[in-house]
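Remarks on the overall topology
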Amino acid sequence: MTTTTETAGGIQVVKPTVASYIRDYFARVRGGDLGTLPAVLGLLVLVLIFGTARSETFLSALNFANLFNQSAQIVFIAMGLVFVLLLGEIDLSAGFASGVCGAVMAILLTTHGLPWYVAIPAAMATGIVIGLVLGVLVAKLGIPSFVVTLAAFLGFQGVLLTLLEGGKNISITDEFVKSLNNGTLSVRDSWIFAVIGVAGFAAAQLFRWRGRVSRNLVAEPFGIVVARIAGVALLAFSATYVLTLERAVNKAITSLKGTPIVVPIIVVFLVIWTFVLARTTYGRHVYAVGGNTEAARRAGIPVDRIRISVFVICSFMASIGGILVVSRQSSVDPNTGGSNILLYSVGAAVIGGTSLFGGKGKIIYAVIGGAVIIVIENGMTLLGLNSGVKFIFTGLVLLAAASVDALARRRAAATGS
Amino acid sequence: MAATPLLELRGIDKSFGPVQVLHDVGLSVYPGEVTALVGDNGAGKSTLVKCISGIYSIDAGTVTFEGREVTVHNPRDAAALGIEVVYQDLALCDNLDIVQNMFLGREKKHGIVLDEATMEEMAGETLRSLSVRTVKSLRQLVSSLSGGQRQTVAIAKAVLWNSRVVILDEPTAALGVAQTAQVLELVRRLADNGLGVVLISHNMNDVFAVSDRIAALYLGRMAAQVKAADVTHSQVVELITGGRSGNLGLPPERPSDFIDITPGEVK
Ligand SMILES: Nc1ncnc2c1ncn2[C@@H]1O[C@H](COP(=O)(O)OP(=O)(O)OP(=O)(O)O)[C@@H](O)[C@H]1O
Ligand SMILES: [Mg+2]
């Protein structure tokens, strides 16, 4: 049934085949290691439901493109939160931090008349400083992150109000900033982006596979690698196809087609942070601190510095979320980054499969979880359901995701896997 | 036997707040020998190990490594000297795989990218040198391993680095008969390869099976450090439980903070 093969140092290990790989995957799932599977299945079910109930609107190219613009802020905050959650910490202030950073950008653009290439870095720097303060309070003073960031949640709400002088609404006119989360790539550039993206993914996968084979290490079955590349290609190309269809409401007046500019922005950060977490020492240490802080400390890992750094990354990502939401609304108001943004972002990370107990999660989970949240929000609006129903349903989905996480953990403890 | 100790501790004191856990402790570790460190629960064995490895700072005393006095501020300093510890609670990350755990904190890199292939090769070779012949996969998560396998990974992690001194805190405590025998064999092999090995154990059979010297801690004091061949089972047990045995061990006067309530034994 299972054949063995020789690997590094002449150790006998199980030789993976496509069949055994798939068997192993299901064994892991049964053992409680679900990863992002529930989120993907949930997404499919939701799309199916809304797609049948409102095929005209929900499945339109216009709505599809809208989903990306709508979800950008949540997805960015959620990507940052993954780092914080990996350490078993939480950042409740990320929503208003994104609002504050967005306001900093808007004020520099309008009141001070500065160009975007000053205002955007200033907003990002604000995020980094916020993260540094939060991280130092948590790591050095040992205040639980829940309390520190709850205080910051209130504080930043106040800072935002103060920056907006008691509640003014600041509108921005900078075309570049507005294009970030409203503009689209040309049809040609959309396809170039898709091809480069898929080719890059394929190259990375094949390069890694060949590297292992050439050094006589056990590698994934080639069939699995090919299937994964084919899957990503299918997804990227079909999405690009839909996004390059004409989706203007009134085609006679303007034409609207092409991948939203925010998509490459999301993809770039997805790739960078995935690389950092999976392929660098820093990422390895983040997982280690999240998995067993004491073991990490004994291994000489600077635990405090890692703890501070995840808050910096989180607030930095929140600042980009803030820039994108201000771009989307062309304005900033006292509620930018408020209301349900933070809860949706935490929800996105957790629904995507990031464990609240630390040590388990990937950046892609934030994107998939963000998609689930936005599809619920968008689909239920199209169904004509009111906010009350939406919140209740989203709350239930989040609860379901957290239960899956907790149950998986118990199950893993029980089966010892 | 080798004349100069590889690692020598003298006069180590350690307190946690008002509680002094180690009093004037000395210990010598010789290359090519297994030194058993024994003592009752709470005697201070684990604390002493953590002082050696730099997790705790010492309040007083000196540490000499290969004749040089050294100060160990953190686990990295200890590792740089070649001192490796396998902790009682193993200190493995369940969410990482075998290779990732073995290289934790000392990852091999190409530029900024982790060099997974080299790490996997080295991990495989080290496991092989410890006579591990089969695993399901080197990329298996540590959470899916049995107690003995986890212990093996922890020991492999310690010997990966051309270490000079390996300290094992109760490596067989949670193991069955067969796995205990395997781990003890492993311990003996480390010493035969010229390492200085410190083995902490509560099991006298294990202690006498593999060790060359025995050091007995009693209430945070070093009662005696003797050659295993020179003492009997019951003498060691007396050293552990009473701090002295015949003319071996601590002087008869009690430690100042010791209140003896045993009737008829007050001196
Ligand atoms: N961090 C700490 N703070 C305060 N007291 C401590 C601390 N660590 C250990 N102690 C105390 O120091 C004493 C020695 O503990 P230690 O763990 O070194 O004993 P041990 O010899 O390893 O025992 P065992 O055989 O049970 O493992 C105990 O009384 C313990 O309560
Ligand atoms: Mg102990």
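Scope of this entry: the structure provided in the associated data block. These numbers come from a predicted model, not from an experiment.

With that out of the way, let us pick up the site of ligand 1. All names here are of chain B. Around ligand 1 lies a shell of 14 residues, among which Asn-41, Lys-45, Ser-46, Thr-47 and His-202 are the nearest. One nitrogen or oxygen atom from the main chain of Gly-42 is found 2.8 Å from an oxygen atom belonging to ligand 1. Considered on its own, ligand 1 offers 640 Å² of accessible surface; in the complex 62% of this is hidden by protein. Counting residues per element, the shell around ligand 1 draws most heavily on helix α1 (residues 45–52), at 3 residues. Partitioning the shell around ligand 1 into residue classes produces 4 nonpolar, 7 polar and 3 charged.

Before going further, it helps to examine a nonpolar patch on the surface. Residues and elements named next belong to chain A. A grouping of Leu-114, Trp-116, Tyr-117, Val-118 and Phe-176 is seen on the molecular surface, where their side chains present a nonpolar patch of about 440 Å² in accessible area. Per-element accounting of the nonpolar patch gives the leading share, 3 residues, to helix α6 (residues 116–139). Counting through the fold element by element, Val-118 comes out in helix α6.

All names here are of chain A. With respect to the helices, strands and loops of the structure, Ile-320 is situated in helix α14 (residues 303–329). Sequence separation of Ile-320 and Gly-127 is 193 residues, and the distance between their C-alpha atoms is 8.4 Å. If we ignore the near neighbours within four places in the chain, the residues touching Ile-320 are Phe-76, Met-124 and Phe-269.

Residue and element names in this part refer to chain A. Its location among the elements puts Val-389 in helix α17 (residues 387–415). Judged by relative accessible area, which is 34%, Val-389 ranks as partly exposed. C-alpha separation for the pair Val-389 and Cys-314, spaced 75 residues apart in sequence, amounts to 30 Å.

Glancing now at the interface of chain A and chain B. Contact residues are listed per partner, giving 34 residues for chain A and 40 residues for chain B. Both sides together, the interface formed by chain A and chain B hides about 3100 Å², and carbon and sulfur atoms give 56% of it. The three residues of chain A that bury the most area against chain B are A:Ile11, A:Arg284 and A:Arg298, which together make up 25% of that side's buried surface. Linking chain A with chain B are 3 salt bridges, by the criterion used here. With its nearest N and O atoms 3.0 Å apart, the salt bridge here joins A:Arg215 to B:Glu121. For the pair chain A and chain B, the number of links is 10 residue pairs in polar contact (both at pLDDT 80 or more). Listed by contribution, the elements that provide at least two residues to the side of chain A that touches chain B are β2 (11–14), α11 (262–279), α12 (281–291) and α13 (293–298) of chain A. The element best represented in the side of chain A that touches chain B is α12(A), accounting for 6 residues.

With that settled, the discussion passes to the packing of aromatic side chains. All told, the structure shown has 13 aromatic pairs over all chains when counted by the stated rule. Measuring from ring centre to ring centre gives 5.0 Å for B:Phe16 and B:Tyr56, while their planes differ by 80 degrees; the resulting arrangement is edge-to-face. Of this pair, B:Phe16 sits in strand β1 (residues 7–16) while B:Tyr56 is found in the loop between α1 and β4 (60–65), placing the two residues 40 residues apart along the sequence. Owing to a relative accessible area of 25%, B:Tyr56 belongs among the partly exposed residues under this scheme. Taken together, the ring pairs connect A:Phe76, A:Phe269 and A:Phe316 into an aromatic cluster. Geometry around B:Tyr87 places A:Arg298 over its ring, the cationic atom sitting 4.0 Å from the centre.

For the rest of this paragraph, the subject is the layout of surface pockets. Residues and elements named next belong to chain B. The space that makes up the second largest pocket amounts to roughly 390 Å³. Forming the boundary of the second largest pocket are 19 residues, of which Ser-131, Val-132, Gly-148, Thr-152 and Gln-182 lie nearest the centre. Where the lining of the second largest pocket is concerned, the elements lending two or more residues are α5 (147–159) and α6 (177–192). When residues in the lining of the second largest pocket are grouped by element, the largest group, 6 residues, is from α6. Its residues assigned to classes, the lining of the second largest pocket comprises 9 nonpolar, 7 polar and 3 charged.

We now examine the sheet that holds strand β12 (residues 221–227) of chain B. Residue and element names in this part refer to chain B. Strands sit in the order β6-β9-β10-β3-β11-β12 across an open sheet of 6 strands; the sheet is mixed. At either margin of the open sheet sits one strand with a lone partner, and together these are β6 (83–86) and β12. Averaged over all pairs of adjacent strands, the angle between strand axes in this sheet comes to 15 degrees, irrespective of strand direction. In the packing of α5 onto the sheet, contacts are made with β6 and β9 (165–169), and the angle to β6 comes to roughly 175 degrees. Set on the sheet, α6 makes contact with β3 (34–39), β9 and β10 (196–200); between it and β10 the angle comes to about 150 degrees.

All names here are of chain B. Pairing analysis gives 5 bridges linking β1 to β4, with the strands arranged antiparallel. Bridge pairing in β4 places Arg-10 opposite Thr-62. Where β4 and strand β5 (residues 68–70) come together, 3 bridges link them in antiparallel fashion. Across the sheet, the residue bridging to Val-63 is Val-70, located in β5. In sequence, β4 turns back onto β5 through a hairpin of 2 residues, with Glu-66 there showing a positive phi of about 50 degrees.

Turning our attention to the environment of B:Val236. Residues and elements named next belong to chain B. Position of Val-236 relative to the elements: it lies in helix α8 (residues 233–242). In sequence terms Val-236 and Gly-39 are 197 residues apart; their C-alpha atoms lie 9.3 Å from each other. Leave out the neighbours within four places in its chain, and Val-236 touches Val-38, Met-204, Phe-208, Ile-214 and Val-231.

We now examine the side chain of A:Ser93. Tracing the chain through its elements places A:Ser93 in the loop between α4 (61–86) and α5 (94–110). Dropping the residues within four chain positions of it, A:Ser93 is found in contact with A:Leu134, A:Thr149, A:Ala152, A:Phe153 and A:Phe156.

Residues and elements named next belong to chain A. Where α11 contacts α12, the two axes come as close as 5 Å, and the packing angle between them is 70 degrees. Judged by the inter-axis angle, α11 sits roughly perpendicular to α12. Note on element contacts: α12 touches α11 through Thr-281, Tyr-282, Gly-283, Arg-284, Val-286 and Tyr-287, opposite Val-276, Leu-277, Ala-278 and Arg-279. Counted by class, the contact of α11 with α12 contains 6 nonpolar, 2 polar and 2 charged residues.

How each quantity is defined
- Residues numbered from 1 in each chain as written.
- Chains lettered and ligands numbered in written order.
- Predicted model: local features only at pLDDT ≥ 70, side-chain atom pairs only at ≥ 80, totals over all residues.
- Heavy atoms only, no water.
- Near = heavy atom within 4 Å.
- Polar contact = N/O pair within 3.5 Å; in protein donor to acceptor, adjacent residues only side chain to side chain.
- Areas by Shrake-Rupley, 256 points an atom, 1.4 Å probe, with all protein chains shown as cover.
- Helix = DSSP H or I, 4+ residues; strand = E, 2+ residues; numbered from the N terminus.
- Nonpolar A, V, L, I, M, F, W, Y, C, P; charged D, E, K, R; others polar.
- Patch = residues over 30% accessible without salt bridge, like charges linked within 9 Å, V, L, I, M, F, W, Y side chains within 5 Å.
- Salt bridge = Lys/Arg side-chain N within 4 Å of Asp/Glu carboxyl O.
- Contact = heavy atoms within 4.5 Å.
- Buried < 20%, exposed > 50% of the residue type's maximum accessible area, 1.4 Å probe, protein only.
- Buried area = accessible area lost by both parts, 1.4 Å probe.
- Phe/Tyr/Trp six-rings, centres within 6.5 Å; stacked < 30°, edge-to-face > 60°.
- Lys NZ or Arg CZ within 6 Å of the ring centre and 35° of its normal.
- 1 Å grid on protein atoms, 1.4 Å probe; cavity = no way out; pocket = protein on both sides within 12 Å on 5 of 7 lines; lining within 4 Å.
- Points joined across faces, edges and corners; volume = space filled by probe spheres on them.
- Pairing = 2+ DSSP bridges.
- Axes fitted to C-alpha atoms, helices over the stretch in contact; angles between N-to-C directions.
- Parallel < 35°, antiparallel > 145°, perpendicular 65-115°, else oblique.

No statement about biological role is implied by the geometric values presented.
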